[in-house]
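Given next are the chains, with one letter for each unit.
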Amino acid sequence: MSNQNDNDNWQDDNGTATQEAPPKLQKPRMYQVVLLNDDYTPMEFVVELIEQFFYKSRENATQIMLKIHTEGKGVCGVYTEDVAETKAAVVNQYSMDHQHPLLCQIEPCNDEEES
């Protein structure tokens, strides 16, 4: 009886043997976690936050902080959507807990940047 079920999986309505192709897997869409500049959050707090939550070195965290300060925003990391949302939420909560208005958000990466 199980032999009949196996044959059913390999035959279409015309009795022709077919096999379904396995689904094609795609890379997950990537999102960048971005910190936005404000006039109130101390630079040292931003550097320490980047080190703590994005595991950057002091030098790299300082470079990101300066980019935030001069350009208005800076990318702290690139992650899948779930990880990026979680990082942004944790950073925003940490900032609020320390009474700073620093805002963290996620943005989809451009296709050119992913390559």
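Here goes a summary of the coordinates provided. The numbering scheme is per chain: residues are counted from 1 as the chain's sequence reads. Reporting of local features is limited, given that this is a predicted model, to residues whose pLDDT is at least 70; pairs of side-chain atoms are given and counted only at 80 or more, and all residues count toward the totals for whole chains, interfaces and linings. Excluded from the side-chain calculations are hydrogens and water; all other atoms, namely the structure's heavy atoms, are used.

## A short note on the overall build of the chain
Here is step 1 of the chain: Helix and strand content of the chain: 5 helices and 3 strands.
Here is step 2 of the chain: Buried, partly exposed and exposed residues are distinguished by accessible area as a fraction of the type maximum, computed with a 1.4 Å probe on protein chains only: under 20%, between the cut-offs, and over 50%, respectively. A buried classification covers 29% of the 115 residues belonging to the chain.
Here is step 3 of the chain: A sequence separation of at least 24 residues applies to 67% of the contacts in the chain between residues at least 6 apart.
Here is step 4 of the chain: Computed by Shrake-Rupley with a 1.4 Å probe, the accessible areas treat only the displayed protein chains as cover when residues are assessed. Accessible area of the chain: about 8,500 Å², with a carbon and sulfur share of 48%. Secondary structure is summarised from DSSP: a helix means a run of H or I of at least four residues, a strand means a run of E of at least two, and numbering begins at the N terminus for each. Whether two residues are in contact is decided by their heavy atoms: any pair within 4.5 Å suffices.

## Some thoughts on the packing of aromatic side chains
Here is step 1 of the chain: Pairing of aromatic side chains requires ring centres within 6.5 Å, counting the rings of Phe and Tyr and the six-membered ring of Trp. Pairs whose planes differ by under 30 degrees are stacked, by over 60 edge-to-face, and all others tilted. One pass over the full model with this rule turns up 2 aromatic pairs.
Here is step 2 of the chain: Aromatic side chains F45 and Y94 sit 5.7 Å apart centroid to centroid with 10° between the ring planes, which places their arrangement in the stacked category. Here the residue F45 occupies a position in helix 2 (residues 43–54), and Y94 occupies one in helix 4 (residues 81–97), the gap between them amounting to 49 residues.
Here is step 3 of the chain: Judged by its relative accessible area of 11%, F45 falls in the buried class.
Here is step 4 of the chain: According to the relative accessible area criterion, Y94 is partly exposed, its value standing at 22%.
Here is step 5 of the chain: By the ring-pair criterion, three or more aromatic residues cluster together here, those being F45, F53 and Y94.

## Here's the deal with helix 2
Here is step 1 of the chain: Compared with the 16 Å implied by 1.5 Å per residue over 12 residues, the 16 Å span of helix 2 between its first and last C-alpha is a close match.
Here is step 2 of the chain: Burial in helix 2 covers these residues: F45, V46, V47, L49, I50, F53 and F54.
Here is step 3 of the chain: For helix 2, the elements touching its buried residues are strand 1 (30–36), helix 3 (58–71), strand 2 (73–80) and helix 4.
Here is step 4 of the chain: Y55, located one to two residues past helix 2, shows a positive phi value of around 55°. In this scheme, a helix's expected span is set at 1.5 Å multiplied by one less than its residue total.

## Describing the nonpolar core
Here is step 1 of the chain: In these notes, a set of buried Ala, Val, Leu, Ile, Met, Phe, Trp, Tyr and Cys residues joined through side-chain atoms within 4.5 Å is what counts as a nonpolar core. Ranked by internal contacts, the top residues of the largest apolar core, which has 21 residues, are L35, V46, L49, I50, F54 and V91.
Here is step 2 of the chain: Elements that contribute at least two residues to this core include exactly strand 1, helix 2, helix 3, strand 2 and helix 4.
Here is step 3 of the chain: Counting residues per element, this core draws most heavily on helix 2, which supplies 7 residues.
Here is step 4 of the chain: Those residues within four positions of V46 in sequence are excluded, and the remaining contacts are L35, T41, M65, I68 and L102.

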